[in-house]
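# A look at the structure
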Amino acid sequence: MRGVDFLVELPHGDAGTFTTMRIMARMAARPAATVRAKAAELTAGQSPPAAIARLFLFVRDQVANVPDPRGIEWLQAPHVTLENPIGDCDDKAALLAALLVAAGFRVRFVAIGVRSRALTVVLIEVWRPGGWLALDPKNPHAWPGWSYPWPSRVERLAIGEL
């Protein structure tokens with residue numbers, strides 16, 4: 001598939017956010033061959049913590065942040081974001097999730113309300129011994145484990161919870 005895998009009219013508010021997260025989870029759950037190959041390349045010989053960090057830094061630093069057109073929720077398939085390295089927070093989160101799934105990690109999507117109860121940020125969490133680790137590939141200053149310090153709201157969707 002080329003371009004956008006899902007182009008649907010989304011409901012407004014929480015229903016639209018949850019629909020978007022379910023679509024992202026479906027896309028990330030079955031990584032394309034190019035995504036699997038990139039995950040293998042980046043994680044070869046790495047310990048699990050180092051593999052998580054390498055995949056995170058790759059997406060954070062190599063995929064340019066470009067917002068969706070005003071009023072449109074545009075979702076790119078992870079392999080499209082890998083081939084054309086631009087996207088917004090959900091495109092970067094979907095690519096990072098797909099890379100982590102391809103490398104054998106459990107992942108879930110997280111929607112956060114930062115300044116209000118409205119869910120405005122999408123990031124992911126990856127399971128590793130010790131619990132879930134937050135990864136926000138859109139924030140150029142974030143590191144593995146960084147998350148918003150006082151979110152007003154948090155909603156989670158694990159891949160497989162479709």
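One structure accompanies this document, and this report is about it.

What counts, and where the lines are drawn
- Residues numbered from 1 in each chain as written.
- Predicted model: local features only at pLDDT ≥ 70, side-chain atom pairs only at ≥ 80, totals over all residues.
- Heavy atoms only, no water.
- Helix = DSSP H or I, 4+ residues; strand = E, 2+ residues; numbered from the N terminus.
- Rg over C-alpha atoms; globule rule 2.2 N^0.38 Å.
- Contact = heavy atoms within 4.5 Å.
- Areas by Shrake-Rupley, 256 points an atom, 1.4 Å probe, with all protein chains shown as cover.
- Lys, Arg positive; Asp, Glu negative; His and termini not counted.
- Charge placed at Lys NZ, Arg CZ, Asp CG, Glu CD.
- Salt bridge = Lys/Arg side-chain N within 4 Å of Asp/Glu carboxyl O.
- Buried < 20%, exposed > 50% of the residue type's maximum accessible area, 1.4 Å probe, protein only.
- Pairing = 2+ DSSP bridges.
- Axes fitted to C-alpha atoms, helices over the stretch in contact; angles between N-to-C directions.

Okay, the overall build of the chain next. Broken down by element type, the chain carries five helices and six strands. Tracing the chain from N to C terminus, the helices and strands come up as α-α-α-β-α-β-α-β-β-β-β. A globule of 162 residues ought to have a C-alpha radius of gyration of about 15 Å, and the chain, at 14 Å, matches this closely. Excluding contacts between residues fewer than 6 apart, the proportion of contacts in the chain whose partners are at least 24 apart in sequence is 61%. Looking at the chain as shown, the accessible area adds up to about 8,300 Å², and 56% of this sits on carbon and sulfur atoms. Of the charged side chains in the chain, 18 are positive and 15 negative; the average position of the first set lies 5 Å away from that of the second.

Here we take up the pattern of salt bridges. Per the stated rule, a full pass over the model turns up six salt bridges. Note that Glu-41 and Lys-38 form a salt bridge whose closest N and O atoms lie 3.3 Å from each other. Of this pair, Glu-41 and Lys-38 both sit in helix H2 (residues 33–43), three residues apart, which is roughly one turn of that helix. Close ionic contact of Glu-125 with Arg-108 constitutes a salt bridge, the shortest N to O distance being 2.6 Å. With Glu-125 in strand E4 (residues 121–128) and Arg-108 in strand E3 (residues 107–113), this pair connects stretches of sequence that are 17 residues apart. For Glu-125, a relative accessible area of 7% corresponds to the buried category. One network of salt bridges, with partners in common, ties together Asp-14, Arg-153 and Glu-155.

The next subject is the sheet that holds strand E5 (residues 131–135). The antiparallel open sheet is built from four strands, whose spatial order is E5-E4-E3-E6. The open sheet terminates on both sides in strands that have one partner only, identified here as E5 and strand E6 (153–158). Neighbour-to-neighbour, the strand axes of this sheet turn through a mean angle of 30 degrees, independent of strand direction. Helix H1 (residues 13–29) contacts E3, E4 and E6 of the sheet and is inclined by roughly 35 degrees relative to E6. Contacting E3, E4 and E5, helix H5 (residues 89–102) runs over the sheet at an angle of about 15 degrees to E4.

Honestly, it's all geometry; don't read function into it.
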